[in-house]
Protein chains: 2
Amino acid sequence: MEKRAGIRDVAKAAGVSISTVSRVFSRPEIVSDSTRKRVLEIADKYDFKITRTGTMLKSGQTFRAALLMNESITSWFNTQVFAGIDSILHDKGYDISLFQHIDSAESRERFFTNLPVLRNVDMVFVASFAIEAEEAEQLQRTRVPIVGINVPESSCFDSTISIDDEGGMERATQHLIRLGHRNIVYTCSQPAPTIDSSIDARERGFVRACTQAQLTIPDLRWKVLKVPRGQQFADFALAAVLAEETFPDAICCQMDMMALPLVLKLQHFGHHAPRDYSIIGFDDSPYADTLGLTTMHQDPFEMGAMAARNALKLLNNEPLNEPFQLVEPSLILRSTDERRNVAQIAA
Amino acid sequence: MEKRAGIRDVAKAAGVSISTVSRVFSRPEIVSDSTRKRVLEIADKYDFKITRTGTMLKSGQTFRAALLMNESITSWFNTQVFAGIDSILHDKGYDISLFQHIDSAESRERFFTNLPVLRNVDMVFVASFAIEAEEAEQLQRTRVPIVGINVPESSCFDSTISIDDEGGMERATQHLIRLGHRNIVYTCSQPAPTIDSSIDARERGFVRACTQAQLTIPDLRWKVLKVPRGQQFADFALAAVLAEETFPDAICCQMDMMALPLVLKLQHFGHHAPRDYSIIGFDDSPYADTLGLTTMHQDPFEMGAMAARNALKLLNNEPLNEPFQLVEPSLILRSTDERRNVAQIAA
DNA sequence: TTGAAAGCGATACCAT
DNA sequence: ATGGTATCGCTTTCAA
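Computed from a predicted structure; not experimentally measured. (Residues numbered from 1 in each chain as written. Chains lettered and ligands numbered in written order. Predicted model: local features only at pLDDT ≥ 70, side-chain atom pairs only at ≥ 80, totals over all residues. Heavy atoms only, no water.)

Draft legend 1. Focus on the interface of chain B and chain A. Contacts between the two partners involve 51 residues from chain B and, on the opposite side, 51 residues from chain A. In terms of surface lost to chain A, no three residues of chain B exceed Arg-4, Arg-119 and Tyr-287 of chain B, which account for 17% of the buried area on that side. Connecting chain B to chain A are six salt bridges. The salt bridge involving Arg-64 of chain B is made with Asp-95 of chain A; its shortest N-O contact spans 3.4 Å. There are 20 residue pairs in polar contact (both at pLDDT 80 or more) connecting chain B and chain A. Looking at the side of chain B that touches chain A, the elements with two or more residues in it are helix H4 (52-59), helix H5 (76-89), strand S2 (95-99), helix H6 (105-114), helix H11 (256-268) and helix H12 (288-291) of chain B. Looking at the side of chain B that touches chain A element by element, the count peaks at six residues for H11 of chain B. For the side of chain B that touches chain A, a count of residues per class yields 22 nonpolar, 15 polar and 14 charged. (Contact = heavy atoms within 4.5 Å. Buried area = accessible area lost by both parts, 1.4 Å probe. Salt bridge = Lys/Arg side-chain N within 4 Å of Asp/Glu carboxyl O. Polar contact = N/O pair within 3.5 Å; in protein donor to acceptor, adjacent residues only side chain to side chain. Helix = DSSP H or I, 4+ residues; strand = E, 2+ residues; numbered from the N terminus. Nonpolar A, V, L, I, M, F, W, Y, C, P; charged D, E, K, R; others polar.)

Draft legend 2. The domain arrangement of chain A, seen in detail. Residues and elements named next belong to chain A. You can read the domains of chain A as domain 1 (1-49), domain 2 (53-164 + 300-329) and domain 3 (165-297 + 331-346). Domain 2 and domain 3 are separated by 31 Å when their C-alpha centres are compared. Contacts between the two partners involve 16 residues from domain 2 and, on the opposite side, 21 residues from domain 3. Buried area between domain 2 and domain 3, summed over both chains or domains, comes out near 1,300 Å², and the portion from carbon and sulfur atoms is 48%. (Domains from an automatic or database assignment.)

Draft legend 3. Fine view of the pairing of strand S9 (residues 278-283) of chain A. Residue and element names in this part refer to chain A. The buried fraction of S9 is high, at six of six residues. Relative to S9, strand S8 (residues 250-253) is paired through three bridges, and the arrangement is parallel. When the sheet's bridge partners are listed, Ile-251 is paired in S9 with Ile-279. For the segment spanning S8, helix H11 (residues 256-268) and S9, crossover handedness is right-handed. In terms of strand pairing, S9 meets strand S10 (residues 295-297) through three bridges, oriented parallel. Of the residues in S10, the one forming a bridge with Asp-283 is His-297. (Buried < 20%, exposed > 50% of the residue type's maximum accessible area, 1.4 Å probe, protein only. Pairing = 2+ DSSP bridges. Right-handed = clockwise from strand over helix to strand, strands pointing away.)

Draft legend 4. How the structure looks around the protein's contact with DNA strand D. Within the structure, DNA strand D sits among 26 residues, and Ser-22 and Thr-51 of chain A together with Thr-20, Thr-35 and Lys-58 of chain B are positioned closest to it. Backbone atoms, meaning sugar and phosphate, form 53% of the atoms of DNA strand D found within 4 Å of the protein. One nitrogen or oxygen atom from the side chain of Thr-20 of chain B is found 2.3 Å from a phosphate oxygen belonging to DNA strand D. The side chain of Thr-35 of chain B places a nitrogen or oxygen atom 2.2 Å from a phosphate oxygen of DNA strand D. Of all the secondary-structure elements, those providing two or more residues to the surface near DNA strand D are helix H1 (7-14), helix H2 (18-26) and helix H4 (52-59) of chain A together with helix H2 (18-26) and H4 of chain B. The element that contributes the greatest number of residues to the surface near DNA strand D is H4 of chain A, accounting for four residues. Residue composition of the surface near DNA strand D, grouped by class: eight nonpolar, eleven polar and seven charged. (Near = heavy atom within 4 Å.)

Draft legend 5. Representation of the relation of the copies chain B and chain A. Of the two same-sequence chains, chain B is brought onto chain A (RMSD 0.1 Å, axial shift 0.0 Å) by a rotation of 180°. When the rotation and shift are considered jointly, the pair of chain copies conforms to a two-fold rotation axis. When the interface residues of chain B are mapped onto chain A, 100% of them again fall at the interface, so both copies present the same face. (Least-squares fit on C-alpha atoms with pLDDT ≥ 70 in both.)

Draft legend 6. How the structure looks around the packing of aromatic side chains. This model, assessed by the stated rule, comprises 16 aromatic pairs over all chains. Ring centres 5.9 Å apart and planes at 80° place the aromatic pair Phe-206 of chain A and Trp-222 of chain A in the edge-to-face group. Of this pair, Phe-206 of chain A sits in helix H9 (residues 197-214) while Trp-222 of chain A is found in strand S7 (residues 221-227), placing the two residues 16 residues apart along the sequence. Of the residues examined, Phe-206 of chain A reaches a relative accessible area of 0% and is grouped as buried. Measuring from ring centre to ring centre gives 5.1 Å for Phe-111 of chain B and Phe-112 of chain B, while their planes differ by 85°; the resulting arrangement is edge-to-face. Here Phe-111 of chain B matches Phe-112 of chain B in class, with each residue buried. Clustering of aromatic rings is evident, with ring pairs tying together Phe-99, Phe-111 and Phe-112 of chain A. (Phe/Tyr/Trp six-rings, centres within 6.5 Å; stacked < 30°, edge-to-face > 60°.)

Draft legend 7. Layout of the packing of H4 of chain A against H4 of chain B. Where H4 of chain A contacts H4 of chain B, the axes come no closer than 9 Å and their chain directions differ by 140°. Judged by the angle between their axes, H4 of chain A and H4 of chain B are oblique. In the crossing of H4 of chain A with H4 of chain B, the sense of the turn from one axis to the other is left-handed. Contact residues: Thr-53, Met-56 and Leu-57 of chain A in H4 of chain A; Thr-53, Met-56 and Leu-57 of chain B in H4 of chain B. Here the residues of the contact of H4 of chain A with H4 of chain B sort into four nonpolar, two polar and no charged. (Axes fitted to C-alpha atoms, helices over the stretch in contact; angles between N-to-C directions. Parallel < 35°, antiparallel > 145°, perpendicular 65-115°, else oblique. Left-handed = near helix turned anticlockwise from the far one by under 90°.)

Draft legend 8. Region of the structure containing the environment of Leu-260 of chain B. By secondary structure assignment, the location of Leu-260 of chain B is in helix H11. Distance in space between the C-alpha atoms of Leu-260 of chain B and Arg-143 of chain B is 42 Å, their sequence separation being 117 residues. With residues up to four places along the chain from it excluded, the contact list for Leu-260 of chain B reads Tyr-287 of chain A together with Pro-286, Tyr-287, Ala-288, Leu-291 and Leu-293 of chain B.

Draft legend 9. Local environment of the sheet that holds S7 of chain A. Residues and elements named next belong to chain A. Spatially, S7-S6-S8-S9-S10-S12 is the arrangement adopted by the six strands of the open sheet, whose pairing is mixed. Since the sheet does not close on itself, it has two edges, and those belong to S7 and strand S12 (330-332), each with one partner. For this sheet the average axis-to-axis angle between neighbouring strands, irrespective of direction, equals 25°. Contacts from helix H8 (residues 165-178) reach strand S6 (183-189), S8, S9, S10 and S12, with the element oriented near 165° to S9. Packed onto the sheet, helix H10 (residues 233-242) meets S6, S7 and S8 and runs at close to 145° relative to S7.

Draft legend 10. Region of the structure containing the pairing of strand S4 (residues 146-149) of chain B. Residues and elements named next belong to chain B. Residue alternation in S4 divides its side chains into two sets, Ile-146 and Gly-148 and Val-147 and Ile-149, and both sets are buried. Judged from the four bridges that link them, strand S3 (residues 123-127) and S4 form a sheet pairing that is parallel. Of the residues in S4, the one forming a bridge with Val-126 is Gly-148. In this fold, S3 hands off to helix H7 (residues 133-140), which returns the chain to S4; that crossover is right-handed. One ladder, built from three bridges, connects S4 with strand S5 (residues 159-163); its direction is parallel. When the sheet's bridge partners are listed, Gly-148 is paired in S5 with Thr-160.

Draft legend 11. Here's a closer look at the sheet that holds strand S10 (residues 294-297) of chain B. All names here are of chain B. With mixed pairing, six strands are arranged side by side in an open sheet as S7-S6-S8-S9-S10-S12. The open sheet has two edge strands with one neighbour each: strand S7 (221-227) and strand S12 (330-332). Averaged over neighbouring strand pairs, the angle between their axes works out to 20° when direction is ignored. With three bridges connecting them, S10 and S12 associate as antiparallel partners. Bridge pairing links Thr-295 to Ile-332 in S12. Helix H9 (residues 197-214) rests against strand S6 (183-189), S7, strand S8 (250-253) and strand S9 (278-283) of the sheet, and its axis sits at about 165° to S7.

Shown next as structure tokens:
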């Protein structure tokens, strides 16, 4: 009773060959009812189940998928992406091999030179960070499908699912302008050493909307407030906004996690949204709803699921309808934005 | 160039045996410098790396850990536990095989009868849900270390790391009572079909503190408000609180995710904390800090890490200092609680 | 319907 | 220091 029973122990006990035991589990329909029943009984008695290891070996597949991410899985976006991928892959027998914090120069270097995923995974997902040409080349040496989620264009992906960060933030900004705001501030954190593509794209969207609008609205004032990354980025943003000579009549936020603390903390300084200013976020992350934050909605869970479905198709050499997809975030109007009347604008 | 190079291709190309190639990767120090260098060069040229599959087969280990959880990984607690376990196991070469939503009767049944983890993982983690005797027995058939995180006592675990939910909530409640509150309401959601041990334990803690205090404070009034589970449990709690004949002077919350929306939404109904009532949460989850919520702090990331360290030791047959650990949550005083003066209490 | 045997990738023992 | 070989658990032809 010491050692766990193996396939041959079961075969012997059931008086059949290991081939038959194998078949009982992999293709039960081609085994006679009586044999199958007997084998299953014995197997159960011995706590025997087919191991995936043998199958992996034989098939050459690992039933593992690598997920590379900037920062930690604990962020809202990353968790959702993970859960979305898992929602598709789990039932197909795949595990997700997680590689977090591919963000510092060292961790990147280490990852891409060691390339621990080489010959160890069946597919690679890259979430939310840009990849450099040389790294892309390294990654392609894995010779498995590589699917990007919220990544900038790059030749190394077989498929990408991205939201239109730039267009989305442009529309968010246009919304504020259309509401009559004329002194808009964009708060964002500095990008990570490894370029987080979303951060840059969103800023570009804001700038584009503003420069464009300025052609017809000359008195439009706008400004980008960039604060250091890290735990306290929201507090830094708060300080930066309060330090402005005239308090803005609208704040456009890189993400909800910045917008939500801002809304709450600005109250303590007498600035109430939407009474005193409008504010819009990006993501529609937890509590945005509770707080009534107007924001651009995106669904990273679904994006992860889409990525996984594409990877699976690529694995089977099936054609992809749309290998490179750009998803549009949608404006969710809630209660932190309000139209300015002419008097206020003039004031 | 079609097929990927295997270990024997590399061996042949380098003019050595496969044993040598294997040694170059597993114990490079016992291979001569010149051979090692040559093999590595060839390996790199062929994009060859040692596969974990072969190693698994040989060693009998799977380098996979199962993580069973109630509900979804996207909840704060579950994500933190996952990240904590991964922080220890990742570098040791383990992947986490996630089994979410072991909560409905059917999904439980399916999981425990199929027992997909049998012979497929090296260790099992159970996060935050109670297990029945029969299920425990099933689980033990895996014959691998089973470590529980926030689980009620049960014979089936080789180790458990739990927070003292009951004691923690008792102290939270005592805090409110000591502050002078005399009309306390406890808001919580109904437990899942699969018993979420924390929910029950916390309620017990509240009830115990109240019944105990009532011995010396006869005019203490308290009540448990139980609302349906699901997405809108916070809204249900809000409605339940507002439906009380006299608005409570203190609210004790099962978790921050209930307390935070409550604090925010009660404002719209003219009830401000701590001016009109005190409120205390449990967890110290995201935004508790931002909102200044007084709460009981726990650290599920660290608990996951502890669980993983214990599992690793068990795997190596090392003794555990403290196999069954009870962690105390700590009271974090912020700004949603306030002492009532005698006048107020009398009113 | 079932069995025998080869082979997948890596390791470790035993030789050399 | 290196090579040959058995072995791990399973799948899959090919035969019976």
